[in-house]
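Notes for the structure review
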Amino acid sequence: MRRRTLSKLAIAACAFSLAAAVTPAANASAGHGRDQGDGHGGSSHHTAAPAYKRVGYFTQWGVYGRDFQVKDLETSGTAAKLTHVNYSFGNVSADGKCFTGNVPGEADAWADYVRPLDAAGSVDGVADTDTQALAGNFNQLRELKAAHPGLKVMISLGGWSWSTHFSDAARTAASRKAFVSSCIDLYIKGNLPVDGARGGEGAAAGLFDGVDIDWEWPGSAGDTDTVYRPEDKRNFTALVHEFRTQLDAYAKSSAASRKGQQGRKHGSKPKHYDLSAFVPASPEKIDAGFDVPRIMRDFDFVNLQGYDFHVSGETTTAQQSALYAKGDFSGDQTVRDWLKRGAPARKLVLGMPFYGQGWTGVTGGGDGLGQPAAAPAPATWAAGYEDYKALKKLAESGTYKVHRNVRDGSAWLFDGTTLWTYDDPQVLRTKTTYIRDHRLGGAMFWSLDGDTDDGELMTAVDRGLSRR
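Described in the following lines is the structure provided in the data block. Residue indices begin from 1 for each chain and proceed along its sequence in written order. Only residues with pLDDT of at least 70 get local features here, since the model is predicted, and only at 80 or more are side-chain atom pairs given and counted; chain-wide, interface and lining totals rely on the full set of residues. Side-chain descriptors were evaluated using all non-hydrogen atoms of the structure, hydrogens and water having been removed beforehand.

**What about the overall build of the protein?**
Within the protein one finds 14 helices and 19 strands. Only protein chains enter the accessibility calculation, which uses a 1.4 Å probe; a residue whose area is less than 20% of its type maximum is buried, one above 50% is exposed, and one in between is partly exposed. By residue count, 59% of the 468 residues in the protein fall in the buried class. For accessible areas, the Shrake-Rupley method is used with a probe of radius 1.4 Å. Any residue's cover is judged against the shown protein chains and nothing else. Summed over its atoms, the accessible surface of the protein is roughly 17,500 Å², and 52% of this surface lies on carbon and sulfur atoms. Helix numbers and strand numbers start at the N terminus; a helix is a DSSP run of H or I with at least 4 residues, a strand a run of E with at least 2.

The following block contains the structure:
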C-alpha cells in the first residue's frame, strides 16, 4: 500500500491485541475503523428509489494494497443496488475542525482528490487531466453519481482510529458550531485545500449529500488515544442538533441563491442533506453516550453495529454477527435495545459484515465454536480478519466445512484447527427477511471491498430487501 501500508498493518495488529484484553461488551463496541482488515438509481433494476436503505462503506485506503477502486462498484453491479456510499473517513483535528491534507496516518488528500486515474481506472472511461481541480476518489464518486442519479454519497467522520478529538470538538456551543461549520465548508461546500492544480473553492461542491457521524464512542472508551468524558452524552446530542441545524440552513440558503440567480419563477426546493451515525451494540455504550429519543429526531437514520460481537483477539471462538444468540450479543438484541430506548424502527439500519473474524489453534473438537483458541487466524491483511471473497474460496476448497445455525442466523468455517465466523448469502437472506418483518430502515455493510468481484453479498441483500 502506497504511503501507509506498514503503519496501517502495525496499527491493525495493535487493535486486535487490544481486543483480546477487553470484555465481550467492549468487543461489541469495537465498531469499524480505518485499520481493520489492512464497524441505485439510474439502472433498470430499480425504476424508483428502493424502500429500504442499502448503505455501503467505501474505505479511503482500499485503493492502495487492496486495489479496490470506485470503478469496482460499477463493474460489480454494486452501485446500482446501493442507496448510500459512506466514504470513510474524514478526520477531526486537535483544534476541533474537519480537515484534510497529506499527513501520514491522519489525512490522505492524495487518495481523496489529488491522485490521477487513467481511462481504464475511471468510472466514465475518461482519464483525469493534470489541470482538473478534482481527481482521486472524490472525482470517481462524482462520476458514479452521474451514472446513478439516485445514489447518495456521505462523508463519514471519525471511525475507530480517528475519533480522538470528537469529545473536544463537541465540548462547548462555540466549539460545536465551529466544528460543524468546518465540516460543511470542507465537504458540503467542497472547499478543498489547494494541492497543485487540485482543490480550491467549490472543487468538490455537490459531491456529498450528507454527513455520517462515526464517533466511537461518546461517553465511553474507544481507541487508546480517544478522549471521552461523562458529559459526552449531552454534548453529542447537541452536536447532532448542530449538524442538523447547519445542514438545513445551508440547504435553504443555497436554494435561495439558486432562486435569485434563476428568477422567481424558477426557484428550487431546498435539498435535504442526510444525517446519520454509526452506533454501538453494547447497552452500556448506548446508555453512556446516546440520548436516543432526542438524537433520533435529528438523524435520518442510524447504522447499527451488527458485527464484532466477538473478535479474534479473544481466547475462545464465538459468533461475531449472529442474528440471534441467547444470552449474548446479536443483531436482534441490538435492534431491540435501540427500540426500547425510543428509536423508531424505520430509522434503524442493520449493519452486516463483508468480512469474518477467525481463530487458529482451536481445540476441544466438535464444530469448533465455543472452544479455546491459541491465536488469531493467519489472513491476507491482518491476523484474525479476512474478506468474504477470501473466505468464500476457503469454503469451496474442500478443506473447510461450512457450519450453520439456521435458527440463529449464523455461519462459520472450520477445518479442525482454524475457524472463521462470517456472513454468506444464506445468512444475509435471513437478515433481510428480519429487516422486512420488523420494518427496519434497511441494511448497512462494512466494507464494500470485502465482497466478490461480482458483488455476491450485495446481490443477496438487494434481492432479499426487494421481495414483496
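From this point, things continue past the structure.
**What about the state of the cysteines?**
Pairs of cysteine sulfur atoms within 2.5 Å are identified as disulfides in what follows. Summed over the entire model, instances satisfying the criterion amount to one disulfide. Here Cys98 pairs with Cys183 through a disulfide, and the sulfurs are 2.1 Å apart. One disulfide, between Cys98 and Cys183, carries an S-S torsion of 75° and so falls in the right-handed class. Of the two residues, Cys98 is situated in strand E3 (residues 98–99) and Cys183 in helix H7 (residues 173–188); the sequence distance between them amounts to 85 residues. The class for Cys98 is buried, based on a relative accessible area of 8%. For Cys183, a relative accessible area of 2% puts it in the buried group.

**What about the pattern of salt bridges?**
Each reported salt bridge corresponds to a side-chain nitrogen of Lys or Arg within 4 Å of a carboxyl oxygen of Asp or Glu. Evaluated as defined, the whole model comprises 20 salt bridges. Asp449 is the salt-bridge partner of Arg66, the closest N and O atoms lying 3.9 Å from each other. In this pair, Arg66 sits in the loop between strand E1 (53–59) and helix H3 (70–75) while Asp449 sits in the loop between strand E19 (442–446) and helix H14 (456–466), placing the two residues 383 residues apart along the sequence. Given the relative accessible area of 12%, Arg66 is considered buried. A residue is classified by how much of its surface remains accessible, and Asp449, at 3% relative accessible area, is buried. With a shortest N-O distance of 3.2 Å, Asp274 and Lys152 are connected by a salt bridge. Residue Asp274 is located in strand E10 (residues 274–279), and its partner Lys152 is located in strand E6 (residues 152–158); the two are separated by 122 residues in the primary sequence.

**Considerations on helix H5 (residues 136–147)**
Each residue after the first adds 1.5 Å to the expected span of a helix. Here H5 spans 17 Å end to end across 12 residues, near enough to the 16 Å set by a 1.5 Å rise per residue. Counting buried residues in H5 gives nine out of 12 residues, a clear majority hidden from the surface. Buried within H5 are the following residues: Gly136, Asn137, Phe138, Asn139, Gln140, Leu141, Glu143, Leu144 and Lys145.

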